[in-house]
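Report on the structure
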Amino acid sequence: MNKELLFAQTLEQIRALAKEQGNCVSQEQVQEAFAALELNGDQLQMVYDYLVKHKVGIGTPVNPDDYLSNEERDYLQDYMNELAELPTYTEGEITAFSISAMAGETSAQQRLLEVYLKDVVDVAKLYAGQGVFLEDLIGEGNVALTIGVTMVGSLEKPEEVGGMLMQMVMNAMEDCIQENADVKKQDEKIADKVNQVAMKAKELAEALHRKVTVEELREETGMSEKRILDAIRMSGFRMEDIEVEEYKDGENNV
């Protein structure tokens, strides 16, 4: 196994370990995990910095609130004020709700939903700062929780309910973050294609002192006509250095 792959796998293992330990690992655990790679002091510090950036505390847990934007803090304050109006329950009541919910009682499932809404917020704060707004993370978590309380009948013990529900919440948030990252990558690819065509068109237009045609751009750059037309469409037909009207008209007639 090459060092790059081993490094990446070890980093993911450390993050998984941190999640099990309340998003915290010790320096000794990090050093032991990376021992085979023989990292020097500067390289280990880069690992520590990466972990802290991803809300993993070194020795002591990080404060998730430190990673929230002002807008997210304002939203969170309003949302927590709403949750404060919900009733509170004892551990005994929560266990009773869990047992009844496992038996399919809808009113107990609703009580469980109320019980774990604040926990969804705590989980969302751990995932904040990864490209998805806190409100959206909480929304995804709440949907997962709503579904989860109807599925607890598959469990054997009421003590397992909280763990199952929070795992569903975490999975939903991680999926949301991944989907957002995939969309962002796709958007970046589109923007790159558009920018490449726009840049070449600008260069040719400056040389000719006028707008250029798709055919001229194709002949000058060697780009395929399809690539140029795709970029024109992806730009919303806003290529100021290319004659696009005939293609725009054709698009409208489709």
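So, here's what we can say about the structure. Residue numbering note: each chain is counted from 1, following its sequence as written. Side-chain atom pairs in this predicted model are given and counted only at pLDDT of 80 or more, local residue features only at pLDDT of at least 70, and totals for whole chains, interfaces and linings cover all residues. Based on all heavy atoms of the structure, the side-chain values leave hydrogens and waters out of the count.

**Observations regarding the packing of helix H4 (residues 70-83) against helix H7 (residues 134-148)**
Operational definition: Structural elements are reduced to axes, namely lines fitted to C-alpha atoms, with helices fitted over the stretch in contact, and the angle between N-to-C directions of any two is expressed from 0 to 180 degrees. Comment: elements are numbered from the N terminus, with helices defined as DSSP H or I runs of at least four residues and strands as E runs of at least two. By definition in this entry, angles of less than 35 degrees are roughly parallel, angles greater than 145 are roughly antiparallel, angles of 65 to 115 are roughly perpendicular, and the rest are oblique. Working rule for contacts: check all heavy atoms of both residues, and any pair within 4.5 Å makes them a contact.
H7 packs onto H4 with a crossing angle of 40 degrees between their chain directions and a minimal axis gap of 9 Å. Put simply, H4 runs oblique to H7. Counting all contacts with H4, which are made through Glu72, Tyr75, Leu76 and Tyr79, the residues of H7 involved are Leu134, Glu135, Ile138 and Asn142.

**Comments concerning the packing of H4 against helix H6 (residues 106-127)**
The criterion, for reference: A crossing counts as left-handed when the near helix is turned anticlockwise from the far one by less than a right angle, and as right-handed when that turn is clockwise. When residue character is reported, Ala, Val, Leu, Ile, Met, Phe, Trp, Tyr, Cys and Pro are called nonpolar, Asp, Glu, Lys and Arg charged, and the others, Gly included, polar.
For the pair H4 and H6, interaxial distance at closest approach is 10 Å and the crossing angle is 160 degrees. Judged by the angle between their axes, H4 and H6 are roughly antiparallel. Once H4 is placed against H6, the crossing between them reads as left-handed. In this structure, H4 contributes Leu76, Tyr79, Met80 and Leu83 to the contact, and H6 contributes Leu117, Lys118, Val121 and Lys125. Classifying every residue of the contact of H4 with H6 by side-chain character gives 6 nonpolar, no polar and 2 charged.

**Examining unusual backbone geometry**
Note the following rule: When accessible area is computed with a 1.4 Å probe and restricted to protein chains, residues below 20% of their type maximum are described as buried, those above 50% as exposed, and intermediate ones as partly exposed.
For Glu38, which is not a glycine, the phi torsion comes out positive at approximately 55 degrees. On the secondary structure map, Glu38 appears in the loop between helix H2 (27-33) and helix H3 (41-53). The class for Glu38 is exposed, based on a relative accessible area of 69%.

**As for the side chain of Asn142**
Counting through the fold element by element, Asn142 comes out in helix H7. Leave out the neighbours within four places in its chain, and Asn142 touches Tyr79, Leu117 and Val120.

**A short note on the environment of Ile190**
Examined against the element boundaries, Ile190 turns out to sit in helix H8 (residues 161-208). For Ile190, a relative accessible area of 26% puts it in the partly exposed group.

**Quick notes on the packing of aromatic side chains**
Applicable threshold: Between rings of Phe, Tyr and Trp, where Trp is taken as its six-membered ring, a pair exists when centres lie within 6.5 Å; planes separated by under 30 degrees are stacked, by over 60 edge-to-face, and by other angles tilted.
Within this structure, the stated rule accounts for 4 aromatic pairs. With 6.3 Å between their ring centres and 50 degrees between their planes, Tyr75 and Phe133 make a pair best called tilted. With Tyr75 in helix H4 and Phe133 in the loop between H6 and H7, this residue pair connects regions lying 58 residues apart in the sequence. The buried category is assigned to Tyr75, whose relative accessible area is 17%. Considering the side-chain rings of Tyr89 and Phe97, the 4.9 Å spacing of their centres and the 90 degrees angle between planes classify their relative orientation as edge-to-face. By relative accessible area, which is 23% here, Tyr89 ends up partly exposed. Counting every residue linked through ring pairs, the aromatic cluster contains Tyr75, Tyr79 and Phe133.

**Quick word on a nonpolar patch on the surface**
Let me state the cut-off plainly: A patch is a set of surface residues, each over 30% in relative accessible area and not in a salt bridge, joined within 9 Å for like charges and within 5 Å for the nonpolar side chains Val, Leu, Ile, Met, Phe, Trp and Tyr. Working definition of accessibility: Shrake-Rupley area with a 1.4 Å probe, residue cover restricted to the visible protein chains. A pairing counts as a salt bridge when a side-chain nitrogen of Lys or Arg comes within 4 Å of a carboxyl oxygen of Asp or Glu.
On the surface, a nonpolar cluster with roughly 260 Å² of combined accessible area is contributed by Val143, Ile147 and Met151. Position of Val143 among the secondary structure elements: in helix H7.

**Structural notes on the pattern of salt bridges**
Overall, the coordinates contain 5 salt bridges when judged by the stated rule. Between Glu206 and Lys202 there is a salt bridge, with the nearest N and O atoms lying 3.4 Å from each other. Here the residue Glu206 and the residue Lys202 both occupy positions in helix H8, the gap between them amounting to 4 residues, near one helical turn. Where Asp230 meets Lys226, a salt bridge forms, and the shortest distance between an N and an O atom there is 2.8 Å. One end of the pair, Asp230, and the other, Lys226, are both in helix H10 (residues 225-234), 4 residues apart, so they sit about a helical turn from each other. On the basis of relative accessibility, which here comes to 25%, the residue Asp230 falls in the partly exposed class.

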